[in-house]
Amino acid sequence: MTASDDKPARARRRTTTRKVRLIVLGMFFVAVGLIFVTNRLLTERFTETTRNRAEIRLALYSGNIMSELQRNSVVPLLLSRDPTLITALTSRDYSQSSQRLISYRDEIGAAQLMLLDSSGRTVASTDRNLIGTVHRNSPYFVEALRSSDTVFTATESETTTYDFIYSRRVQSNRQTVGVIVVEVDLRKFERAWSSIADAVLVTNSEGTIILATEAAWRGLTIEEALGTRPVPSVIRRTIERAADWGALPPDAYIRGDAVMRLDGRVPFQGWRITSFSTFASVRERVNAVLALEIMGFAILLALTFYFLSRRAVSRSLLFQRESAELRALNARLQREIAEREKVQRTLEVAEQTLAQSSKLAALGEMSAAVSHELNQPLAAMKTYLAGAQLLLQRKRPDEALSSFQRIDDLIERMGAITRQLKSYARKGGDAFEAFDVRDALSSALSMMEPQLKTRKVSITRAIPREPVRVMADRVRLEQVIINLLRNALDATRDADDPTIDLILSAGETATLTVRDNGEGITDLDRLFEPFYTTKAPGDGVGLGLAISSGIVNDLGGRLTARNAASGGAVFELQLPILDSEMEAAE
């Protein structure tokens, strides 16, 4: 390679290197942009999903609290009217009262039941250790004495827990004889909430936390619990550190950890419920998708470098392969030219042979058609001649002359059939005439009479009383009907009860249906092809349906075939109906 050739090569290499750098840089920016957009969209979507789930849980928790409070609110009213408890307070006989309260507790599921006398002393309780304790200054005792209805109080105990109590005074003869106390177990919800991934708390109308998944939060406001108290073990398990580059701002922070805050209302004395959900699940799901994207881009970049490194090697191999292919192509073209010249010479000889073969094929087809179409009249003539000979022997010349007249008609018909075959061969047309299809059907049945007499075939005819007139060649139409009848006879040859149905109807078209109870048609696609037959050799050459289809098409109609659902074959011959206007025009 000369110095002048080396300069363009170096220029091409520099251009290729520049393109590679641009491709890699473009892929990097696309990856960064896609990761940024994906992070933002997925963070918004997953955050919204997490918020919706938290709202549903919050509504469920609120409903559970209300259900528990409402279920226990009716208990003091029922127990305050219990005759046994009223009698115990008036008679001061409390021997069976505690046992009765225990049975009530088991039925209603309350945390604790107590019966206080008018002085505030516990005279019966589900916890026998509390019998004898005095509750004269307790809010639930004082409020119950002041009110005629059931009162609810939430008092903080010495263990920083709240007791939720329903109380109601018990009266006898309009005199207060005691107070019934029902303690509601709401702390079971705290235990249930601690097993989930959210921190949950409930505040009263004054904003004080009365229920919480963390015991240290009870008795404080939400701001005090989040700002001044360290996050205990439970909240540390439920709230994970959110990513610093999250797309959505957090609702609150707990010791620097971002959380999602949701507030709800408990429809009871101004209570509210609050939950804090972590962003950790959102970040994990987003990071999983981003990791897949980064992996995909890394694989794509590696494949790009691989293909670029293979490009130079493949080019040299391509040049060598192309030169070898060109040499092989040149040799193949020379062989093809020689073969084409040989084929050209063979084709000229084949064309001459084909012309001669076509003439012989046309002659054979015409001969087969003539033989096929003349067999029926010849068979009828043979029958009539035998009948005439018998009549002459019996000295009945008049009837014999009638048979000879029929033979003369058959000879005339054979001439018409010969002319029709010539017309079919040259695709010509004959003169049409207006006639009744019923007459053509009767004539065809008369022609088939000798064969019908030799076979025990049941023929049913459904023919309208009014004429069914068409404009067609009557002789050719009778030829088609005879072919259909002959095929039906052959098809029912092996049937136990051979039956042929002939149905003629007039509507938009004149339709003749020929139905048999034979074995049916095996190959509908090839049925109307010339020389196609299912008969045994010597019984047919396969031209009947082909000629019939050509005749019906020439007459402007249509010949179709199908298999009946109950068995057998159905042929339908349709021709344009001749109405009064068309007949007047003719």
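Everything that follows concerns the structure shown earlier in this document.
Residues numbered from 1 in each chain as written. Predicted model: local features only at pLDDT ≥ 70, side-chain atom pairs only at ≥ 80, totals over all residues. Heavy atoms only, no water.

### Details of the overall build of the protein chain
A tally of regular secondary structure across the protein chain gives 15 helices and 17 strands. Within the protein chain, buried positions represent 38% of all 586 residues. Put simply, 60% of the contacts in the protein chain that link residues at least 6 apart link residues at least 24 apart. Of the roughly 34200 Å² of accessible surface on the protein chain, 53% is carried by carbon and sulfur atoms. (Helix = DSSP H or I, 4+ residues; strand = E, 2+ residues; numbered from the N terminus. Buried < 20%, exposed > 50% of the residue type's maximum accessible area, 1.4 Å probe, protein only. Contact = heavy atoms within 4.5 Å. Areas by Shrake-Rupley, 256 points an atom, 1.4 Å probe, with all protein chains shown as cover.)

### Re the pattern of salt bridges
The final tally for this structure, using the stated rule, is 17 salt bridges. Among the ionic pairs, Arg71 bridges to Glu68, the shortest N-O distance being 2.8 Å. Of this pair, Arg71 and Glu68 both sit in helix H1 (residues 3-73), three residues apart, which is roughly one turn of the helix. Through salt bridges with shared partners, a single ionic network connects Glu68, Arg71 and Lys188. (Salt bridge = Lys/Arg side-chain N within 4 Å of Asp/Glu carboxyl O.)

### Focus: the nonpolar core
Formed by 45 residues in total, the largest nonpolar core has its most connected members in Ile481, Leu484 and Leu573. No other element matches helix H13 (residues 474-491), which puts eight residues into this core. Formed by 41 residues, the second largest nonpolar core is a distinct cluster that contains Tyr61, Met66, Leu115 and Tyr162. (Core = buried A, V, L, I, M, F, W, Y, C linked by side-chain atoms within 4.5 Å.)

### Some thoughts on the environment of Arg558
Tracing the chain through its elements places Arg558 in strand E16 (residues 558-563). Looking at Arg558, the relative accessible area reads 48%, which means it is partly exposed. The spatial distance from the C-alpha of Arg558 to the C-alpha of Leu573 is 6.0 Å, given a sequence separation of 15 residues. Aside from chain neighbours lying at most four places away, what touches Arg558 is Val552, Glu572, Leu573 and Gln574.

### Here we look at the sheet that holds strand E12 (residues 458-462)
With mixed pairing, the five strands of this open sheet are ordered in space as E12-E14-E15-E17-E16. The sheet is open, and its two edges are formed by E12 and E16, each paired on a single side. With direction set aside, neighbouring strand axes in the sheet form an average angle of 15°. Of the strand pairs in this sheet, strand E15 (residues 509-516) and strand E17 (residues 569-576) are connected by seven bridges, and their pairing is antiparallel. Bridged to Leu512 within E17 is Leu573. (Pairing = 2+ DSSP bridges. Axes fitted to C-alpha atoms, helices over the stretch in contact; angles between N-to-C directions.)

### Re the environment of Gly270
By secondary structure assignment, the location of Gly270 is in the loop between strand E9 (257-266) and strand E10 (271-278). Distance from Gly270 to Thr203, taken between C-alpha atoms, is 8.6 Å for residues 67 residues apart in sequence. Among residues more than four places away in sequence, those in contact with Gly270 are Thr203, Asn204 and Ser205.

### Quick notes on a nonpolar patch on the surface
A cluster of nonpolar residues, Met295, Ile299, Leu303, Tyr306 and Phe307, forms a patch on the protein surface that exposes about 540 Å² of accessible area. Within the secondary structure, Tyr306 is located in helix H9 (residues 280-393). The exposure class of Tyr306 is partly exposed, given its relative accessible area of 46%. (Patch = residues over 30% accessible without salt bridge, like charges linked within 9 Å, V, L, I, M, F, W, Y side chains within 5 Å.)

### Structural notes on the sheet that holds strand E5 (residues 175-184)
Spatially, the five strands line up as an open sheet ordered E2-E1-E5-E4-E3, and their pairing is antiparallel. Unpaired on one side and paired on the other, strand E2 (122-125) and strand E3 (151-156) mark the two borders of the sheet. Within the sheet, the average angular offset between the axes of one strand and its neighbour, ignoring direction, is 25°. The sheet contact formed by strand E1 (residues 112-117) and E2 spans three bridges and is antiparallel. What sits directly across from Leu116, in E2, is Thr122. Its contacts with the sheet place helix H3 (residues 83-91) against E1, E2, strand E4 (162-172) and E5, and it is angled at close to 75° to E4.

### Focus: the side chain of Thr153
The residue Thr153 is located in strand E3 in this model. Beyond its immediate sequence surroundings of up to four residues, Thr153 is in contact with Pro139, Tyr140, Asp163, Phe164 and Ile165.

### Focus on the packing of aromatic side chains
Under the defined criterion, the tally for this structure stands at eight aromatic pairs. Here the aromatic cluster, defined as three or more aromatic residues joined through ring pairs, consists of Phe152, Phe164, Tyr166, Phe268 and Trp271. (Phe/Tyr/Trp six-rings, centres within 6.5 Å; stacked < 30°, edge-to-face > 60°.)

### Thoughts on the packing of H13 against helix H14 (residues 544-554)
Here H13 crosses H14 at 145°, and the two axes come no closer than 9 Å. Remark: the crossing between H13 and H14 carries left-handed chirality. Facing H13, whose interface residues are Arg476, Gln479, Val480, Asn483, Leu484 and Asn487, H14 presents Gly544, Leu545, Ile547, Ser548, Ile551, Val552 and Asp554. Here the contact of H13 with H14 is composed, by residue class, of six nonpolar, five polar and two charged. (Left-handed = near helix turned anticlockwise from the far one by under 90°. Nonpolar A, V, L, I, M, F, W, Y, C, P; charged D, E, K, R; others polar.)

### Here's the deal with the pairing of E17
Counted residue by residue, E17 has seven buried out of eight residues, so it is predominantly covered. Pairing of E16 with E17 involves six bridges; the strand directions are antiparallel. By the bridge assignment, Asn563 is partnered in E17 with Ala569.

### Here we look at unusual backbone geometry
In the Ramachandran plot, Arg92 falls in the positive-phi region, its phi being about 60° despite a non-glycine side chain. Tracing the chain through its elements places Arg92 in the loop between H3 and helix H4 (97-108). If you check the backbone angles, Asn173 has positive phi at about 55° while not being a glycine.

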